[in-house]
Amino acid sequence: MSSELRYTANTQLEHLHARYTGTGHADLTKWEWATHQHRDTLSSIVGHPTLTSYLAVADGESIGRIRFEMAEKMLQPCGPPPQKQD
Amino acid sequence: MHLYNLTLEHASSIPSAVVGNFSGNRQQEILISRGTRLQLLRPDPALGKLSTVLVHDVFGSIRSLAAFRLTGGTKDYAILGSDSGRIVILEYDAKQNTFVKLYQETYGKTGARRIVPGQMLATDPKGRSLMVSAMEKAKLVYVLNRDAAANLTISSPLEAHKPSAIIHHIVGVDVGFENPLYAALEVDYAEADNDPTGEAYTNTEKMLTFYELDLGLNHVVRKWSEPTDPRANLLVQVPGGQTTSGDPPVVRIDGPSGVLVCCEDHIIYRHMDQPQHRVPIPRRQNPLEDHSRGILIISAVMHRMKGAFFFLLQSEQGDLYKVTLEHHDEDVVALKIKYFDTVSPATNLCILKSGHLFIPSEFGNHHFYQFQKLGDDDKEAEYSSADYPGNGMRNPSQPLPAAYFRPRPLDNLVLLDELESLDPILAARVQNLPDASLFYTACGKGAKSTFRTLRHGLEVEENGNSDLPSIPNAVWTLKLTENDQYDSYIVLSFVNGTLVLSFGEEIEEIPNSGFLSSEPTLAAQQLGQDAILQVHPRGIRHVLSDKRVNEWRAPPGLTIVAATTNKRQVVVALSTAELVYFELDVEGQLNEYQDRKAMGSTVLALSVGEVPEGLQRFKYLAVGCEDQTVRIISLDPDSTLEMISLQAVTAPPSSISIADMLDSSIDKHRPTTFVNIGLQNGVLLRTVLDPTNGKLADTRTRFLGNRPVRLVRTLVHGSPGVLALSSRSWLNYTYQGLVHFTPLAYDRLDGASSVNADLCPDGFIGIAGNTLRIFQVPRLGNKLKQEILPLSYTPRKFVSHPQNSYFYLIESDHRTMSPSAIAERVKIMEMSNEKVDREMLELDPQTFGHIKAPAGVWASCIRIVDPVNSKTVAVYELDNNEAAFSVAVVPFSARSGELLLVVGTASNTQLAPRTCSSGYLRVYAFTEGGSALELLHKTETDDVPMSLLGFQGRLLAGIGKALRLYDIGKKKLLRKAENRQFATAVVTLNTQGSRILAGDLNQSIYYVTYKAPENRLLIFADDSSARWTTAAVMLDYNTVAASDKFGNVYVNRLDESVSKQVDDDPTGAGILHEKSVLMGAPHKTKMLCHFHVGDIITSIERVALVAGGREVLVYFGLHGTIGILVPLVSKDDVDFISTLEQHMRTENLSLVGRDHLSWRGYYTPVKATVDGDLCEYFAKLPAQKQIAIAGELDRSVGDVLKKLESLRVTASGF
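Residues numbered from 1 in each chain as written. Chains lettered and ligands numbered in written order. Predicted model: local features only at pLDDT ≥ 70, side-chain atom pairs only at ≥ 80, totals over all residues. Heavy atoms only, no water.

**What to know about the interface of chain A and chain B**
- Tallying the contact residues gives 40 residues for chain A and 57 residues for chain B.
- With both chains or domains summed, chain A and chain B bury close to 4,200 Å², and 57% of this area falls on carbon and sulfur atoms.
- At the junction of chain A with chain B, the criterion picks out 10 salt bridges.
- Across the pair Glu 69 of chain A and Arg 231 of chain B runs a salt bridge, and its minimum N-O distance is 3.0 Å.
- Counting every contact that joins chain A to chain B gives 23 residue pairs in polar contact (both at pLDDT 80 or more). (Contact = heavy atoms within 4.5 Å. Buried area = accessible area lost by both parts, 1.4 Å probe. Salt bridge = Lys/Arg side-chain N within 4 Å of Asp/Glu carboxyl O. Polar contact = N/O pair within 3.5 Å; in protein donor to acceptor, adjacent residues only side chain to side chain.)

Pasting the structure below:
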């Protein structure tokens, strides 16, 4: 593969990643992967009325509260990212 | 194996609702989403009731609803946000009573995904554009406009994306006719994601951002973005813009514009570059309140009245607050808040212009209220932002001093109507009785929980009940003239006489009615304009309005055995099997037709239909004869009394009724003439009579009961229907354009007639033994009658006792204090001389909910329920912060088979991660015939016991990750065997022989065998896909039907050879040393069927719903769905119904534009299951399409409809 081609393929991939949040790539860290998973799950819970009801019944909370707490949790579901090691 | 899925009762929760003038007239309607169905409700302001106008399955999940109106329009359009990756704009067509899809714009993938819009909708108040948003990043704006022909147009979408931003809420800002503006609550996670120290996370701010749609440039810009309270969750539109009115024109500012930002504990008024106003949300004055817990607003609504507006906000405890804005033109002076009333926590608040409030509850019944007043001049404390320094914004990061109110019963609202809702069903059971099945459901959450007994049948409201001197055998009601609105006479026929009663304020005998009282009556009828008619065994009496009587006598020695009448025609059958026909002429004289028709066999039943509007006569007569035939005879003047057609039936007919009813599956525009034939063996035949040639076609049969059927033509809510009386009473009626056949949940009736009277419009009169009953059927839509027993806490599970009729129910509530914990807290407070407001502690929990406590606090009880009388027999509260999670009735062979109740509890349980200080197995003995319990002993366990089951005279318990076998001891349960190889927690248990099917919380069903000689519990097979099990039932020794948390139901089967091999291994050593496959058990089950229901199934049972019928799978969904899966028996059926389904799929019936195949295969492709709900829409298709599809199937339309009906009726009886 010529260097030029590799360059364009890479930008395309970057473009796709920017467009489709949550898409993985070869260098994805465990933390990134888990964070994506959690955010996907949390938004899926908010998006399915049956799941919010299910959690609300189990937890003794209102559906409104469950929805809010799930959205809040999306900010950092798996704690801060690990220190970068070079 | 092939299954046919049918929903018997659709989900009753309302996740979203919106008010609008959808039909375009002045009246407002409420459009509600039932999760996977769309329903239009119309309030009747006079009666204060809600009625259903239209329901439609969407075959998708509705996530948001909004309504908008184009400027100057009178009609609202509905917008649907769903999981289809499409936005849909619907119009309601009032003439056709359908939803019309105007636009369906695709923008993304299907599914409720993170960055695919559909989660939230906002509209511009002037109807010029709409915004649809995802949970993260994506927001699309569509411009709405009119084309030259005044049709709605929609633009291509404009992006208002913000990468790495979580969107909490969006709302359209009211800016009058300036460029449309949207407000969004967003949190950007980009910095927090790149900061390992966690500092950026703590510093992350929640931004209130305004997006402006520049209509000139056709572009969306981020206009303004400022941080707001970090716990903000909801935005509410504030009126803005200006109106010009009057002459000379006066410009009036409608409001200050901007938004209310609802935060935990505070409400903030906010607008671009304007001063903020903040007020605290008043808290309940509760001595035990948890101060660390904030008050969250879960739903809000803004309401405009003439020249004013106010907001209603609702907290999660259900308290409504009225919020007002004091403003001078565009400058806000003060934001004020006060307590309004307390209702159920709602998913939406819908205020109608007629002064009504609709509350679709998060859980439980939905309510319809009327505003009595607006809380303007009560003594409730009002908190104003002007009273706080800097309008409450002096120090925005610090909370304002807490404000308080005292909750009280409703003051401003009055309850008018209630929509019953089973949501959430947490446990259920089916009991099969000879005449009907009963569903027992444990529903509800917290203090509003209920135990409901559901019986298939229409609810009956009794208006009167009076005793009669002896037992009558028939009843009629009569008007005196054609134009009377109400009925005046009740005619009762006895064995040896007739009684005529007046129908008015009081029911009393009329001596001079003109009817013969010494003979029984065979028929009574209001005839012609103002005459009445009595047919008795010896003749016919035609009573004119001036009380003159024209009498026709039966020939000497002969009697009349059967008669039928309508407004202009009378037919009687003589004991010689001859028919005599009379018709009313223009002078009002009843004339006998010159010939009599000999039938050759004793006539048992006769029927002639109602005279069609504008015609002289009904052209056909149906005659039922003793030789088991029904003949159709012409009454046409050209061929009077000639036989047209003949139908043989299986038993002598007992009653016939011809009725013209609208059935849109046969004919959408005109009523169809049905000949209903009741047989002496309790079977009803329903045949369509061809109006042109009198031929009979399309016969449907139905078993009604074990007594001869008696049929009565009636009016049901103004349209024709038939009441069929056997050992149960059934009503045949038209509802939503389709003919239904439903039993009445009422006593057995011997005779009946419809009644229209002042006190009972659209009612019925019936005789049951020697009592006369007057009753109504208020709701035709509800096919299940509910009996409700209130509970204290959220029900979890219940079991029946094999010998007595009681149910043993466990209830437990998280974040709730038990009565003993409350008493203890109060005692401590009083000891330290704190004043305790007892009144606030004694508020009725059913209205105000339980007092909220922090996580890890539980209230729980064991309840004995008498389901027959819907009564609580005994309640045992658990103390020590214990909560019950599982229950079983176990016969212990160590105590010679004595049945004991075992309840699995845990104290100080935390939900995530699941921990407890100690689990317990409580063993109770039944005393006083099962109506009381005596605690024998408690055994500690190391984890929460989630499932219990009696197994070979011992107790099998799923305790966390372990499956254990216990035997009973004197002071404790004794652990006998254990297997700790389960992934998360064992939540369901089923057994047959030595095989155990254990459902793991997130690893599907494990097949376990118990090897007694070695005392081993061994896992030998599992599922190849991980599933979050919620319910499971064994279909046979190798097969299991189970459901998961995402709304799927599936059937797994173990290979016969594996099953045999495992059973043949005496010690289990072979299994123990087998190689594991895919990091699990050595064998895998095979999936046979798979189907996405769309509701989380919490309970599934294998049972026959119809006496003598085949077993079906009955499932109960969290949101109130009750459905069945019917195994299809023949290959022909499978071929036919799956081809029909394929054709139905191509019709694209989904209102949200979701592909049916992908909806039913949401997580796993649908397998070997046919969606009956979709197939039944065949009846609603236009006639040409019906014919085309039926042609493809090589059948007639009638055959297809008949097949669909028979599948439903033979499996469920519904």
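The rest of the description comes next.
**A look at the confidence of the model for chain A**
- Overall, the prediction assigns chain A a mean pLDDT of 87, with 88% of residues at 70 or greater.
- When the elements of chain A are averaged for pLDDT, helix α1 (residues 3–19) of chain A gives the smallest value, 70, and helix α4 (residues 63–73) of chain A the largest, 96. (pLDDT = per-residue confidence, 0-100. Helix = DSSP H or I, 4+ residues; strand = E, 2+ residues; numbered from the N terminus.)

**Regarding the sheet that holds strand β84 (residues 1029–1034) of chain B**
Residue and element names in this part refer to chain B.
- A sheet is described by the order of its strands in space; here four strands give the open sequence β84-β85-β86-β88, paired in antiparallel fashion. A single partner strand is all that each edge strand has here, and the edge strands are β84 and β88 (1086–1092). Strand-to-strand twist in this sheet, taken as the mean axis angle between neighbours without regard to direction, amounts to 20 degrees. (Pairing = 2+ DSSP bridges. Axes fitted to C-alpha atoms, helices over the stretch in contact; angles between N-to-C directions.)

**Points about the packing of helix α2 (residues 30–47) of chain A against α4 of chain A**
Residue and element names in this part refer to chain A.
- Two elements in contact, α2 and α4, have axes separated by 9 Å at closest approach and are oriented at 160 degrees. As the angle between them shows, α2 and α4 are arranged roughly antiparallel. Relative to α4, α2 is oriented so that their crossing is left-handed. Two secondary-structure elements touch here, α2 through Leu 42, Ile 45 and Val 46 and α4 through Arg 67, Met 70 and Lys 73.
- Each residue belonging to the contact of α2 with α4 can be placed in one class, and the counts come to four nonpolar, no polar and two charged. (Parallel < 35°, antiparallel > 145°, perpendicular 65-115°, else oblique. Left-handed = near helix turned anticlockwise from the far one by under 90°. Nonpolar A, V, L, I, M, F, W, Y, C, P; charged D, E, K, R; others polar.)

**Considering the UniProt feature "domain: RSE1/DDB1/CPSF1 first beta-propeller" (unreviewed entry) in chain B**
- UniProt feature "domain: RSE1/DDB1/CPSF1 first beta-propeller" (unreviewed entry): in the numbering of this structure it lies at residues 13–409 of chain B.
- Between the C-alpha atoms that bound residues 13–409 of chain B the distance is 25 Å, and the span itself is 2% helix and 51% strand. (UniProt positions renumbered as here; feature names shortened; annotations may be inferred.)

**Things to note about helix α12 (residues 1197–1212) of chain B**
Residues and elements named next belong to chain B.
- With 16 residues, α12 extends 23 Å from end C-alpha to end C-alpha; this agrees with the ideal 22 Å at 1.5 Å per step.
- Turning to α12, its buried residues are Val 1197, Gly 1198, Val 1200, Leu 1201, Lys 1203, Leu 1204, Leu 1207, Arg 1208, Val 1209, Ala 1211 and Ser 1212.
- The positive-phi residue at the C-terminal boundary of α12 is Gly 1213, with phi of around 75 degrees. (Expected span 1.5 Å × (residues − 1). Buried < 20%, exposed > 50% of the residue type's maximum accessible area, 1.4 Å probe, protein only.)

**Re the pairing of strand β86 (residues 1048–1053) of chain B**
Residue and element names in this part refer to chain B.
- By the criterion of burial, β86 is predominantly enclosed, with five of the six residues buried.
- As judged from the five bridges shared by strand β85 (residues 1039–1044) and β86, these two strands associate in the antiparallel manner. Paired with Ser 1043 across the strands is Val 1049, a residue of β86.
- A loop of three residues connects β85 with β86, the two strands running antiparallel in sequence, and Gly 1047 in this loop sits at a positive phi of about 90 degrees.

**Quick notes on the packing of aromatic side chains**
All names here are of chain B.
- The final tally for this structure, using the stated rule, is 28 aromatic pairs over all chains.
- Measuring from ring centre to ring centre gives 6.0 Å for Phe 59 and Tyr 1177, while their planes differ by 75 degrees; the resulting arrangement is edge-to-face. Here Tyr 1177 lies in the loop between α10 (1172–1175) and α11 (1183–1192) and Phe 59 lies in the loop between β5 (49–57) and β6 (62–68), a separation of 1118 residues in the sequence.
- Phe 59 gets classed as buried once you look at its relative accessible area, which sits at 2%. (Phe/Tyr/Trp six-rings, centres within 6.5 Å; stacked < 30°, edge-to-face > 60°.)

**Topic: the confidence of the model for chain B**
- The share of residues in chain B with pLDDT of 70 or more is 100%, and the mean pLDDT across the chain is 93.
- Here the predicted complex carries an ipTM of 0.93, next to a pTM of 0.94.

**What to know about the nonpolar core**
All names here are of chain B.
- Core analysis: the largest hydrophobic core is formed by 48 residues, its most contacted members being Tyr 4, Phe 439, Val 1114, Ile 1137, Leu 1140 and Phe 1178.
- Here this core gathers at least three residues from each of two domains, domain 1 (424–457 + 783–980) and domain 3 (1128–1212).
- When neighbours within four sequence positions are excluded, Phe 1178 is seen to be in contact with Leu 1140, Met 1144, Gln 1186, Ile 1189, Val 1197, Val 1200, Leu 1201 and Leu 1204.
- Counting residues in each nonpolar core, the second largest holds 35 residues, with Tyr 182, Leu 213, Phe 363 and Ile 1096 among its members. (Core = buried A, V, L, I, M, F, W, Y, C linked by side-chain atoms within 4.5 Å. Domains from an automatic or database assignment.)

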